[in-house]
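# Understanding the architecture of this molecule
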Amino acid sequence: MRIDSEHANIDCMIYLCRNQENEWMPTARILISALANHLDSEEKICREDGLNMTPDHLEEHIQLKARLARIEKQVDRADLEKDDFLSTFRDMLFYHISNFDKHLNNG
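## Considerations on the overall build of the protein
- Across its full length, the protein holds 4 helices and 0 strands.
- Relative to the 2.2 N^0.38 estimate, which gives 13 Å for 107 residues, the radius of gyration of the protein is 14 Å and therefore close to what a compact globule would have.
- Across the 107 residues of the protein, 36% fall into the buried class.
- Excluding contacts between residues fewer than 6 apart, the proportion of contacts in the protein whose partners are at least 24 apart in sequence is 77%.
- Here the protein has roughly 6400 Å² of accessible surface; of this, 48% comes from carbon and sulfur atoms.

## Section: helix H3 (residues 55–76)
- For H3, spanning 22 residues, the distance from its first C-alpha to its last is 32 Å, which sits close to the expected 32 Å at 1.5 Å a residue.
- Every buried residue of H3 is accounted for by His 57, Glu 60, His 61, Leu 64, Leu 68, Ile 71 and Val 75. Mapping the buried residues of H3 onto a view down its axis gives an arc of 100°, with all of them on the same face. Within H3, the exposed residues directed more than 90 degrees away from the buried face are Pro 55, Ile 62 and Lys 73.

## Here's the deal with the side chain of His 7
- Among the structural elements, His 7 can be located in helix H1 (residues 2–18).
- Not counting residues within four places of it along the chain, the set of residues in contact with His 7 comprises His 38, Glu 42, Leu 93, Ile 97 and Asp 101.

## A closer look at the side chain of Glu 60
- The topology assignment puts Glu 60 in helix H3.
- Buried and unpaired, Glu 60 has no salt bridge, with Arg 67 as the nearest side chain of opposite charge at 7.1 Å.

## Here's the deal with the confidence of the model for the protein
- Put simply, the protein has an average pLDDT of 92, and 99% of its residues get 70 or more.
- Mean pLDDT in the protein bottoms out at H1, which sits at 91, and peaks at H3, which reaches 95.

Cut-offs applied
- Residues numbered from 1 in each chain as written.
- Predicted model: local features only at pLDDT ≥ 70, side-chain atom pairs only at ≥ 80, totals over all residues.
- Heavy atoms only, no water.
- Helix = DSSP H or I, 4+ residues; strand = E, 2+ residues; numbered from the N terminus.
- Rg over C-alpha atoms; globule rule 2.2 N^0.38 Å.
- Buried < 20%, exposed > 50% of the residue type's maximum accessible area, 1.4 Å probe, protein only.
- Contact = heavy atoms within 4.5 Å.
- Areas by Shrake-Rupley, 256 points an atom, 1.4 Å probe, with all protein chains shown as cover.
- Expected span 1.5 Å × (residues − 1).
- Arc of directions from axis to C-beta.
- Lys, Arg positive; Asp, Glu negative; His and termini not counted.
- Salt bridge = Lys/Arg side-chain N within 4 Å of Asp/Glu carboxyl O.
- pLDDT = per-residue confidence, 0-100.

Rendered as structure tokens:
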């Protein structure tokens with residue numbers, strides 16, 4: 001599924017960011033942008049493929065985007081450690097996949 005491919009790409013970026021020794025913040029910003037873009041892409045894919053994106057799922061996307069905006073501000077202020085950022089980011093991604101994306105199906 002195209003959505004799973006995007007999840008895998010984001011997970012790969014998390015791994016790359018984890019292995020950066022010094023300047024990890026530019027990659028963190030790319031990760032934040034990638035997840036926000038993925039949420040929009042996921043909505044489009046669901047419309048195109050006839051998958052059942054529920055109102056709760058759409059609301060979760062709104063909440064995630066707001067949370068990503070707050071995290072991005074923390075990154076900009078250098079108010080977040082790399083390990084904390086990556087743990088939080090990965091938890092958000094996997095929570096969303098487990099609780100929402102795994103339930104996408106036709107109709």
